[in-house]
Amino acid sequence: MRLRQSFHFFLFGMFVGLSLSGLIFFGYTSSWFSRTDVTPWLAPVVCEGTFDSNLIDSIYKQQNITIATTVFALGKYTRFIKDFLESAEEHYFVGFRVHYYLFTDQPEAVPEVKMGKNHHLTVRIVPSMDRWQDISMGRMEILEKLMENELANKVDYIFCLDVDTKFYGRWGVETLGRLVGVLHPWFFDYPRDQFTYERRQESQAFIPAGEGDYYYTAAAFGGSLADVHHLTKTCRKQLNIDAANSIEAIWHEESHLNKYFLNKKPSKVLSPEYLWRDINMSVGQVKIIRFSHVAKNNAEVRPNV
Ligand code: 48C
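1. Focus on the state of the cysteines
No. 1: Counted under the stated rule, the structure contains zero disulfides.
No. 2: Note on Cys 160: no disulfide assigned, nearest cysteine sulfur contributed by Cys 235 at a separation of 11 Å.

Take a look at the structure:
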């Protein structure tokens, strides 16, 4: 009897061993380990085909969420507001409650744009600045104070977007998460050593060679209010330290954002579908363009070079 039992035990062991090695072999050969729909820390990388729009909409519809969305349009960038808002109303969190905060130095230049159901626009006046770098970097402190003084306990999520952009496809609740970064459309298929991180140790945005996960864009980021508040507060503090030390990171607040995401990994990463190069660029590796920079002549549209 004992012999029979140990034989069965042996067979069972063989079965488990073979199936395990089969799985490992299958996984390895089918590049299961090098999946592109998750980060090394297993955060989802959202792109077409990784989510079911109807299913995820029905799930979030059961929650009464509000998404704040900030955008800045100072100087000649006011020309981008109309396309930004009109295209957002077609594609951005359609059917959900959205509150846009538009910061500008020219409120009179804000065009009339018809807002959809549960979509509201608040225009805020901010002082002009004569360096586009200061305008761009200055956003971090303005966002930090907006969240601290006005949005706490009023909104669930926030996204901070560039205005020289336009929506071309769905941007929905699949993008919601605690801390959300967006892959930069010029570097998502580059090796890490070619990322344009800040490489000078004197800057608070410094990332040494051999470190870093992705190169994130500062043209789009978001997440829960608490996490995005902490992100903007940290970037603001670092920008101020650099300014006191007379150093300006290579790509301004984007350098600080990348430093932040190095230490505090995003809980969700959006593929470059969610911020493509200007629309005329070849679509190439993305299946769909949802949101994109628009072609512009920087020298003509910025107050300084
Ligand atoms: O509103 C302005 N006006 C300017 O003169 C320069 C920048 N900006 C804001 O900063 C816009 O919201 C821009 O989208 C953002 C910085 N981003 C850019 O200029 C390009 N997308 C890199």
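Once you've had a look at it, read on.
2. Things to note about unusual backbone geometry
No. 1: Of note, Phe 93 is a non-glycine position whose phi angle comes to about 45°, a positive value.
No. 2: Positioned with a positive phi, His 252 is a non-glycine residue whose angle comes to about 55°.
No. 3: Within the element layout of this structure, His 252 appears in the loop between helix H5 (225-244) and helix H6 (253-263).

3. Overview of the packing of helix H4 (residues 132-151) against H5
No. 1: Where H4 contacts H5, the axes come no closer than 8 Å and their chain directions differ by 140°. Compared by their axis directions, H4 and H5 come out oblique. The two elements H4 and H5 meet at a crossing, and its hand is left-handed. Contact residues: Met 137, Met 140, Glu 141, Leu 143, Glu 144, Lys 145, Met 147, Glu 148 and Leu 151 in H4; Leu 225, Val 228, His 229, Leu 231, Thr 232, Lys 233, Cys 235, Arg 236 and Leu 239 in H5.
No. 2: Of the residues assigned to the contact of H4 with H5, the class counts are 10 nonpolar, two polar and six charged.

4. Notes on the nonpolar core
A general feature of soluble globular proteins is that nonpolar side chains tend to end up buried together.
No. 1: Grouped together as the largest cluster of nonpolar side chains are 41 residues, with contacts concentrated most on Ile 67, Tyr 92, Phe 93, Phe 159, Leu 161, Trp 171 and Leu 176.
No. 2: Taken together, the elements giving at least two residues each to this core come down to helix H2 (53-61), strand S2 (66-73), helix H3 (81-91), strand S3 (97-104), strand S5 (157-161), strand S7 (179-183) and strand S8 (216-224).
No. 3: A total of four residues in this core trace back to one element, the largest contributor, which is H3.

5. Re the sheet that holds S7
No. 1: Pairing within the open sheet is mixed, and its eight strands lie in the order S1-S9-S7-S8-S5-S2-S3-S4. Unpaired on one side and paired on the other, strand S1 (45-46) and strand S4 (119-125) mark the two borders of the sheet.
No. 2: For S3 and S4, the ladder comprises seven bridges, and the chain directions are parallel. Paired with Tyr 101 across the strands is Thr 122, a residue of S4.
No. 3: In the packing of H6 onto the sheet, contacts are made with S7 and S8, and the angle to S8 comes to roughly 50°.

Procedures and definitions
- Residues numbered from 1 in each chain as written.
- Predicted model: local features only at pLDDT ≥ 70, side-chain atom pairs only at ≥ 80, totals over all residues.
- Heavy atoms only, no water.
- Disulfide = S-S within 2.5 Å.
- Helix = DSSP H or I, 4+ residues; strand = E, 2+ residues; numbered from the N terminus.
- Axes fitted to C-alpha atoms, helices over the stretch in contact; angles between N-to-C directions.
- Parallel < 35°, antiparallel > 145°, perpendicular 65-115°, else oblique.
- Left-handed = near helix turned anticlockwise from the far one by under 90°.
- Contact = heavy atoms within 4.5 Å.
- Nonpolar A, V, L, I, M, F, W, Y, C, P; charged D, E, K, R; others polar.
- Core = buried A, V, L, I, M, F, W, Y, C linked by side-chain atoms within 4.5 Å.
- Buried < 20%, exposed > 50% of the residue type's maximum accessible area, 1.4 Å probe, protein only.
- Pairing = 2+ DSSP bridges.

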